[in-house]
Every structure is written in structure tokens, then in C-alpha cells.
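Residue-level structural notes
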Amino acid sequence: QVRIVESGGGLVQPGGPRGLSCAASGVNFRLHAMAWSRQAPGNQRELVADITSASDTNYADSVRGRFTISRDNVWNRVYLQMNNLKPEDTAVYYCSTTRRSVCFWGQGTQVTVLP
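Conventions used here
- Residues numbered from 1 in each chain as written.
- Predicted model: local features only at pLDDT ≥ 70, side-chain atom pairs only at ≥ 80, totals over all residues.
- Heavy atoms only, no water.
- Pairing = 2+ DSSP bridges.
- Helix = DSSP H or I, 4+ residues; strand = E, 2+ residues; numbered from the N terminus.
- Axes fitted to C-alpha atoms, helices over the stretch in contact; angles between N-to-C directions.
- Buried < 20%, exposed > 50% of the residue type's maximum accessible area, 1.4 Å probe, protein only.
- Disulfide = S-S within 2.5 Å.
- Contact = heavy atoms within 4.5 Å.

What follows concerns the sheet that holds strand E3 (residues 18-25). Here we have four strands laid out as an open sheet, ordered E1-E3-E8-E7, and antiparallel in their pairing. Each of the sheet's edge strands pairs with one partner strand only, and the pair in question is strand E1 (3-7) and strand E7 (67-72). On average, adjacent strands in this sheet sit at an angle of 15° to one another, irrespective of strand direction. Bridging between E7 and strand E8 (residues 77-82) involves six bridges; their strand directions are antiparallel. Note that in E8 the partner of Ile69 across the bridge is Leu80.

With that out of the way, let us pick up the environment of Pro41. With respect to the helices and strands, the residue Pro41 is situated in the loop between strand E4 (34-39) and strand E5 (46-51). Since its relative accessible area comes to 75%, Pro41 is described here as exposed. Distance from Pro41 to Arg66, taken between C-alpha atoms, is 22 Å for residues 25 residues apart in sequence.

Let us now look at the state of the cysteines. Scanning all chains against the criterion turns up one disulfide. A sulfur-sulfur distance of 2.1 Å marks the disulfide that ties Cys22 to Cys95. As the torsion about the S-S bond is roughly -75°, the Cys22-Cys95 disulfide counts as left-handed. Of this pair, Cys22 sits in strand E3 while Cys95 sits in strand E9 (residues 91-99); the two residues are 73 residues apart in sequence, bridging distant segments of the chain. According to the relative accessible area criterion, Cys22 is buried, its value standing at 0%.

Right, let's talk about the environment of Ile69 for a bit. For Ile69, the position within the fold is in strand E7. Classification of Ile69 by relative accessible area gives buried; the value is 4%. As for Ile69 and Thr97, which are separated by 28 residues in sequence, their C-alpha atoms are 14 Å apart. What Ile69 contacts, discounting residues up to four positions off in sequence, is Met34, Trp36, Ala49, Asp50, Ile51, Thr57, Tyr59, Val78, Tyr79 and Leu80.

What follows is the structure, given as C-alpha cells:
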């Protein structure tokens, strides 16, 4: 059974950093790409960053240069380091992976950047 659990959300001052963590189980983690997405109230869920099994990374234009995605294949975790946060980064952040064409999501973790 695939299980995705995010952690690390909270309140952040503008310009501040925040790190998110995602633990994945039930998949052969090192073989799977992982992704972070986010959804703000009233908006569609959008891809923030993803990382392949070879650790190649991809970022949304809105976060490139501020966010960094990384993975740890020993502990089956993927991280999102967010720097220089802006109020528009406020959202629920979700971690996901795909196995056998099925996408698995965590429950999300709220990040709120104070205005």
C-alpha cells in the first residue's frame, strides 16, 4: 500500500525560509519520480517542482531560484526547501508519486506566508 505523508508546514514571515518533508512508503522509492504541488484557495492545484529517479529537477517559473527539491533514497524522503517566501506562496502543499499509472497523494501540509 502506497502511503505519502507530508510535514513541515506552518506560518512564515515574508522573505523567510521553510522546509517541507515527504515520507513515502509502499513504493520502490529510488525508482520513482516525486513531485511537490500546491493548491491555494480558489485555485487549481499546480506543480511546484519534481525530481526524477536520477535526481533531475524541474521547477515552476514562479518558484525557480527560490525553491529547491531534493531526495534521500536511504530514508525514502523528498524535501522542498523554500526560501524568500512570498504571500502568494500560501497554499496547501502536496507530495505525490506515480506507480503503475496511478498517482498517489499525501494529505497535504499548509504553508501560510503572512502578508
